[in-house]
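Reading the structure
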Amino acid sequence: MGNAEHTEIRIPCDSEGFILLKCPICGALFKLDANVLDDDSIFDIYCPECGLVSDSYITEDVLELALIMAGNYLDDMMMNEFRKLERDTRNSPLKFKVTGNLQKEKEHPIKLTVEALERKVYRCCKKEAKIKPIIKMSGSYCPYCGVQDYGIE
Ligand SMILES: [Zn+2]
Ligand SMILES: [Zn+2]
């Protein structure tokens, strides 16, 4: 009813350019290289944990977390700007004072899992992903081609 037909939301990537994804089948969280995902030659993404292909790896909680993280990042930038202004105006007649901290929005507990992800290079595709340390050791599937990797470096 008058709503836009689709809204495109881009998931922000981490400082190393990886995007957080979640497998809707097994619930595994992993990260893939944003540049690779933009590549049109990649059609299917395989879950590194269960090895299955899904249509969409962007789930509600991933989206929510991504937006909160992006929001907190912006808050930090704003605080830094304010603090700079405070410093710069210290000796001028115009005073600017920062009081208190902006209340940060609580990041979802899945962030802890997300931060524990380790980089892994899949030799089959010469591409990287970030996966759980446990499956990096015990074996995983290449998200880009689905080949099983036995975890031996
Ligand atoms: Zn899975
Ligand atoms: Zn591969």
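This write-up is about the structure you can find in this document. (Residues numbered from 1 in each chain as written. Chains lettered and ligands numbered in written order. Predicted model: local features only at pLDDT ≥ 70, side-chain atom pairs only at ≥ 80, totals over all residues. Heavy atoms only, no water.)

In an ideal tetrahedron of four donors about a metal, each angle is 109.5 degrees. In an ideal octahedron of six donors, the angles are 90 or 180 degrees. At the metal site, the zinc ion (ligand 2) is ligated by Cys-124 (SG), Cys-125 (SG), Cys-142 (SG) and Cys-145 (SG), and these contacts range over 2.2 to 2.3 Å. Taken together, the four donor atoms coordinating the zinc ion (ligand 2) span angles of 102 to 127° at the metal, a pattern that classifies the geometry as tetrahedral. Overall, the relative accessible area of 44% leaves Cys-124 in the partly exposed class. You can call Cys-145 partly exposed: its relative accessible area is 28%. (Donors = N, O, S within 2.8 Å, 3.2 Å for Na, K, Ca; no water. Tetrahedral: all angles 85-135°; square planar, octahedral: opposite > 155°, others 65-115°. Buried < 20%, exposed > 50% of the residue type's maximum accessible area, 1.4 Å probe, protein only.)

Moving on: the sheet that holds strand β2 (residues 29–33). The antiparallel open sheet is built from four strands, whose spatial order is β1-β2-β4-β3. Pairing within the sheet leaves two strands with one partner each, and these edge strands are β1 (18–22) and β3 (118–122). Across this sheet, the average inter-strand angle for adjacent strands is 30°, counted without regard to direction. (Pairing = 2+ DSSP bridges. Helix = DSSP H or I, 4+ residues; strand = E, 2+ residues; numbered from the N terminus. Axes fitted to C-alpha atoms, helices over the stretch in contact; angles between N-to-C directions.)

On to the coordination of the zinc ion (ligand 1), then. For the zinc ion (ligand 1), the full set of protein donor atoms is Cys-23 (SG), Cys-26 (SG), Cys-47 (SG) and Cys-50 (SG), at a range of 2.3 to 2.4 Å. In this structure, the zinc ion (ligand 1) is coordinated by four donor atoms arranged in tetrahedral fashion, with angles at the metal of 105 to 117°. Sequence spacing among the residues donating to the zinc ion (ligand 1) works out to C-x2-C-x20-C-x2-C. With Cys-26 in the loop between β1 and β2 and Cys-50 in the loop between α1 (34–38) and α2 (60–88), this pair connects stretches of sequence that are 24 residues apart. Relative accessible area serves as the criterion here: at 39%, Cys-26 is assigned to the partly exposed category. For Cys-50, a relative accessible area of 24% translates into the label partly exposed.

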